[in-house]
Structures are given as C-alpha cells and as structure tokens.
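# Working through the structure, step by step
Each chain, written out:
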Amino acid sequence: MLILFIIGTAGSGKSLLTAAFSEWLKISKQNVAVVNLDPGVLKLPYSPDVDVRNYVDIGSLMEEYGLGPNGALIMAADLIADEIERISKEIEELKSDIVLVDTSGQMELFAFRASGPYIASELTREPKAIIYLFDCVFSVNPLNYVSNLFLSAAVYNRFLLPQVHLLSKCDLLPKDEVDKIVDWSASRKALEVSIEEKLEGTKRLLSRNMMNALYQLGLKFLLIPLSAKTNEGMTNFNMALERILAGGEKYTY
Ligand SMILES: Nc1nc2c(ncn2[C@@H]2O[C@H](COP(=O)(O)OP(=O)(O)OP(=O)(O)O)[C@@H](O)[C@H]2O)c(=O)[nH]1
Ligand SMILES: [Mg+2]
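I will try to describe carefully the structure that is included in this document. Everything quoted here is computed from the prediction, not taken from an experiment. (Residues numbered from 1 in each chain as written. Chains lettered and ligands numbered in written order. Predicted model: local features only at pLDDT ≥ 70, side-chain atom pairs only at ≥ 80, totals over all residues. Heavy atoms only, no water.)

Our next topic: the side chain of N148. On the secondary structure map, N148 appears in helix α7 (residues 142-159). N148 sits in the buried class, given a relative accessible area of 1%. Apart from residues no more than four positions distant in its own chain, N148 is found in contact with T9, Y132, L133, F134, D135, F138 and S139. (Helix = DSSP H or I, 4+ residues; strand = E, 2+ residues; numbered from the N terminus. Buried < 20%, exposed > 50% of the residue type's maximum accessible area, 1.4 Å probe, protein only. Contact = heavy atoms within 4.5 Å.)

What follows is about the site of ligand 1. Taken together, 15 residues lie around ligand 1, and K14, S15, L16, D171 and A228 are the ones closest in. Between ligand 1 and G11, the relevant distance is 2.9 Å, taken from an oxygen atom to a main-chain nitrogen or oxygen of the residue. Between G13 and ligand 1, the recorded distance is 2.9 Å, taken from a backbone N or O atom to an oxygen atom. Notes on ligand 1: free accessible area 650 Å², of which the protein chains cover 71%. (Near = heavy atom within 4 Å. Polar contact = N/O pair within 3.5 Å; in protein donor to acceptor, adjacent residues only side chain to side chain. Areas by Shrake-Rupley, 256 points an atom, 1.4 Å probe, with all protein chains shown as cover.)

With that settled, the discussion passes to the pattern of salt bridges. For the coordinates displayed, the defined rule picks out 9 salt bridges. Note that D135 is salt-bridged to K169, the shortest N-O span being 3.2 Å. With D135 in strand β5 (residues 128-135) and K169 in the loop between β6 (163-168) and α8 (175-186), the pair connects residues that are 34 residues apart, well separated along the chain. Here D135 falls in the buried class, since its relative accessible area comes to 11%. In this structure, K175 and D179 form a salt bridge, with 2.8 Å as the shortest nitrogen-oxygen distance. With a gap of 4 residues between them, K175 and D179 both fall in helix α8, about one helical turn apart. For K175, a relative accessible area of 61% puts it in the exposed group. (Salt bridge = Lys/Arg side-chain N within 4 Å of Asp/Glu carboxyl O.)

Here the focus is unusual backbone geometry. Notably, T124 is not glycine yet its phi reads approximately 65 degrees, a positive angle. Among the structural elements, T124 can be located in the loop between α6 (115-122) and β5. Backbone geometry places K169, a non-glycine residue, at a positive phi of 60 degrees.

Time to look at the packing of aromatic side chains. Taken as a whole and assessed by the stated rule, the structure comprises 5 aromatic pairs. Between the aromatic rings of F21 and W24, the centroid separation amounts to 6.0 Å while the plane-to-plane angle is 20 degrees, which identifies the pairing as stacked. On the criterion of helical spacing, the pair formed by F21 and W24 is a turn pair, its members being 3 residues apart in helix α1 (residues 14-27). For F21, a relative accessible area of 1% puts it in the buried group. Pairing F21 with F237 gives two aromatic rings, centres 4.5 Å apart and planes at 40 degrees, and the pair type is tilted. Of this pair, F21 sits in helix α1 while F237 sits in helix α11 (residues 234-245); the two residues are 216 residues apart in sequence, bridging distant segments of the chain. Taken individually, F21 and F237 each receive the classification buried, so the pair is uniform in this respect. Following the ring pairs from residue to residue traces out a cluster consisting of Y132, F134, Y145 and W184. (Phe/Tyr/Trp six-rings, centres within 6.5 Å; stacked < 30°, edge-to-face > 60°.)

Below, the structure written as structure tokens:
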C-alpha cells in the first residue's frame, strides 16, 4: 500500500485531482482508494472510501465552542489526530495498492501545525509521499512562483517524505506559458531571466534573493503539468510516481 497526500494552496485543485487521478488509476486496473481528510468540505467531486467528516463535525464544533470556521478547523485537526488509530484501521482494511488522501484547503493547518505531520506520520505504517500542487494560473507570475516554491520547500521540511510537484489546471494556460513555468522549475537560468524581464524594483530583488536561497538549500522541484479536466499529464505523473516510489515498478506488486 502506498499513501499519497495531496497538498496545495486553497483552490489549487486537490479535490478534483483526487477524483480524476483515482478514475484514471481505476481505468489502468489499479486498486485505488480515496480518503477525504478535509473536515470542512461540503461537496466533493468523488465518493470517499474513508471520510474524516464521519469523525469530526465542523458545524457542531463552531456551535458548541463558539468558534469561527478557521478556529473550528484547527480544533478539528487536533481531534483527527486523536482518532488516527481508527482512521488508519479503516484505511488498512481497504487493502488497496494506492491510497489518495485529499487534504484541507487551509494548507497551513496540515503543513504548519503540529497535528498535520503527526497525522501524516501516524496514518498507517505504509510508505508515503506528498503530491504538492502549484496552481498554474497563480504561478504564471515569477514572484508568485518563487513564493510557492518556498511553501513547497516548507512542506518538504516538515514531512521529509518523497515529494512530487505538479503544475495543476494546465488546461487554463496556453502551452507556451505552461512550458515557460516548467522551464523555470528545470533551469535556474530560465527563472533568473524571467525575474529580470517581468519584475522590477523590490519585487525583482526579493524574487532573485528568494530563488538564490532556495538553490542554496539544494532543493530541486521539477514540475509536471497536469489537468484534472482533460487528464493531460496523467501518464507523466504516474510514471514519476512509479520511478520515485516503486523503483520503476507498478504499485501493484
Ligand atoms: N480548468 C480546470 N479547472 C480545475 C482543474 N482542477 C480544479 N479545477 C477547478 O478549480 C476549482 C478548485 O478545485 P478543487 O479541486 O476544489 O480545489 P481544492 O484544492 O480541492 O480546493 P480547496 O479544498 O477548497 O482548497 C474548482 O472550480 C475546479 O473545478 C483543472 O485541472 N482544470
Ligand atoms: Mg478540496
């Protein structure tokens, strides 16, 4: 069993990717299960095999403790951590080869609070990886792109798990724009040129320094463009997973 946590900024396409990739895997005859780890979601584009909303209810937390939606989500994350054994058991009983875990829109809850990494490490003893989503539309500006790189580096530092980076919603941009963002992820020079071209003043200086800091950390994030609407990039994504996580083998062993 391989557990994949889908993480990304709010609205970056985590839930739709979970839906589309699980369907894609089913067509490829893989034994896949889907877990919803977002307690605040009202409607999902898939039917989860395991749903955290069966363990915690945001509405009653808000009412009972007089919390706003974010306060309730923070409390919910701690309550999920308390239920982790039962949730793990439910996942293990599915006996799937690959499990997609859709996480909360409030990424900082999962990535930066103590409960997130605790949940990730305690959710079964199976091998795990992170799928980090860069929203294509948001990443088209080099400053946003570099800021998102920082977020993904922060996630990496928290989890220290293999991490695959996707450029989500790639159907929303012309191909040359998508290619340019992928180039930034592959070549420092390409990113540097765009920072010089597209930014000025403090933004240029900051972006350049942030980029240099990231390169100093030695973290390299090659982006795979992907669309959950057209399924473009699914094969590349799947190949990257097999390469990184199963040494080139299928997940079904
Ligand atoms: N065109 C296009 N739209 C997409 C794609 N993926 C997601 N969307 C749209 O983007 C919006 C957000 O998608 P979600 O899958 O709900 O994103 P999310 O990251 O789960 O959002 P939160 O859980 O609220 O943070 C929805 O309107 C989706 O239909 C894609 O690949 N292409
Ligand atoms: Mg979602």
